[in-house]
Amino acid sequence: MIETRSLTKTYDDTVALREVDFAADDGEFVSVVGPSGCGKSTLLRVLAGLESGFDGTASIDGTPVNAGGSDDVGVVFQDPRLLPWATVRENVRIGFDESVTDDRIDDLIDRVGLDGFEMALPEELSGGMAQRVALARGLAYGPQALLLDEPFSALDALTKVEQQEFLLDVRDDIDATVVLVTHDVEEAVYLADRVVVLGGQPGTVVADVEVPLDRPRD
Ligand code: ADP
Ligand code: ADP
């Protein structure tokens, strides 16, 4: 379970989040939506262990989030953030120690549909493929919790739909808890079991809605 209690995050003079209570149950897919500047990325960054210094609590499976990141959490950002001179396999391997075999890495690459591209360089990949390398790396860190910050926003419309379907497939396979930050309400509702709406400045939770089961994809 992913949880924040009374989470307040301040940057210098800006209060980005105020007293946010957020939770995602094990295996749940929660989207976080809201206008630009309402603190969506900040919430994700706190959960990812990328922000030190906040008030309140943030925890994953009962363990407080510490700055520096957790091995149990995978994070995917809007841009794939691949090392341009490194192969797909090396890019997925980043963060692993040497005890992890190439077979395990290649298994993840296979899982995101990139079998045969282990030795490819990022420049040889389409935008969607590069984003799937980032997803493989996210999964590598431990599929229990996957944190996604606008992972599809930079993709063209067709690739976006492909990647959304792909995420749903992978997620069915691994049964991860997923938190997706997006400005796209349609995407949020399409993908998630529950949608949390942040709003205001500073950001607070203004709505928390279960997605009904008769949505289009069911
Ligand atoms: P969103 O992801 O919803 O667009 P952010 O979490 O990026 O919102 O930002 C929330 C608020 O915090 C905004 O006012 C933004 O300018 C501010 N903010 C975010 N990161 C920083 C930072 N590193 N330094 C100063 N202000 C920041
Ligand atoms: P997002 O909406 O995805 O957070 P932004 O372009 O708002 O994207 O932020 C990109 C980066 O800039 C983030 O690391 C964020 O923390 C930082 N940032 C955002 N707003 C500010 C700000 N007002 N001052 C300094 N850094 C900021």
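Above: the structure in question.
As a starting point, this report considers the structure included with it. (Residues numbered from 1 in each chain as written. Chains lettered and ligands numbered in written order. Predicted model: local features only at pLDDT ≥ 70, side-chain atom pairs only at ≥ 80, totals over all residues. Heavy atoms only, no water.)

## Thoughts on the pairing of strand β2 (residues 14-24)
Logical step 1: Two elements, strand β1 (residues 2-11) and β2, share seven bridges in a ladder whose sense is antiparallel. Within the sheet, the bridge partner assigned to Tyr 11 lies in β2 and is Thr 14.
Logical step 2: In this structure, the hairpin formed by β1 and β2 is closed by a connection of two residues, where Asp 12 is found at a positive phi of approximately 45°. (Pairing = 2+ DSSP bridges. Helix = DSSP H or I, 4+ residues; strand = E, 2+ residues; numbered from the N terminus.)

## Quick look at the site of ligand 1
Logical step 1: Around ligand 1 sit Tyr 11, Thr 14, Ala 16, Pro 35, Ser 36, Gly 37, Cys 38, Gly 39, Lys 40, Ser 41, Thr 42 and Gln 201, and those are all the residues in its vicinity.
Logical step 2: Between ligand 1 and Gly 39, the relevant distance is 3.1 Å, taken from an oxygen atom to a main-chain nitrogen or oxygen of the residue.
Logical step 3: Gln 201 places a polar side-chain atom, nitrogen or oxygen, 3.0 Å from an oxygen atom of ligand 1.
Logical step 4: Against a free-state accessible area of 560 Å², the protein chains account for coverage of 61% of ligand 1. (Near = heavy atom within 4 Å. Polar contact = N/O pair within 3.5 Å; in protein donor to acceptor, adjacent residues only side chain to side chain. Areas by Shrake-Rupley, 256 points an atom, 1.4 Å probe, with all protein chains shown as cover.)

## Digging into the sheet that holds β1
Logical step 1: If you walk across this open sheet you meet the four strands as β2-β1-β4-β5, and the pairing is antiparallel. Unpaired on one side and paired on the other, β2 and β5 (63-64) mark the two borders of the sheet.
Logical step 2: Pairing of strand β4 (residues 55-60) with β5, which is carried by two bridges, proceeds in the antiparallel orientation. Bridging from a neighbouring strand, Ile 60 pairs with Thr 63 of β5.

## Considering the environment of Ala 48
Logical step 1: With respect to the helices and strands, Ala 48 occurs in the loop between α1 (40-47) and β4.
Logical step 2: Among the residues examined, Ala 48 registers a relative accessible area of 7% and is labelled buried.
Logical step 3: In this structure the C-alpha to C-alpha distance between Ala 48 and Gln 131, which are 83 residues apart in sequence, comes to 18 Å. (Buried < 20%, exposed > 50% of the residue type's maximum accessible area, 1.4 Å probe, protein only.)

## Brief notes about helix α3 (residues 102-111)
Logical step 1: Those residues of α3 that sit buried are Ile 105, Asp 106, Leu 108 and Ile 109. The buried residues of α3 all sit within an arc of 155° when viewed along its axis, so they share a single face.
Logical step 2: Next to the buried residues of α3 lie α2 (88-93) and α4 (127-140). (Arc of directions from axis to C-beta. Contact = heavy atoms within 4.5 Å.)

## Details of the side chain of Gln 163
Logical step 1: Tracing the sequence through the fold places Gln 163 in helix α5 (residues 157-174).
Logical step 2: On the accessibility criterion, Gln 163 (5% relative accessible area) is buried.
Logical step 3: There is a polar contact of 3.4 Å between the side chain of Gln 163 and the side chain of Arg 132.
Logical step 4: Setting aside chain neighbours within four positions, we find Gln 163 in contact with Gly 128, Arg 132, Phe 152 and Leu 155.

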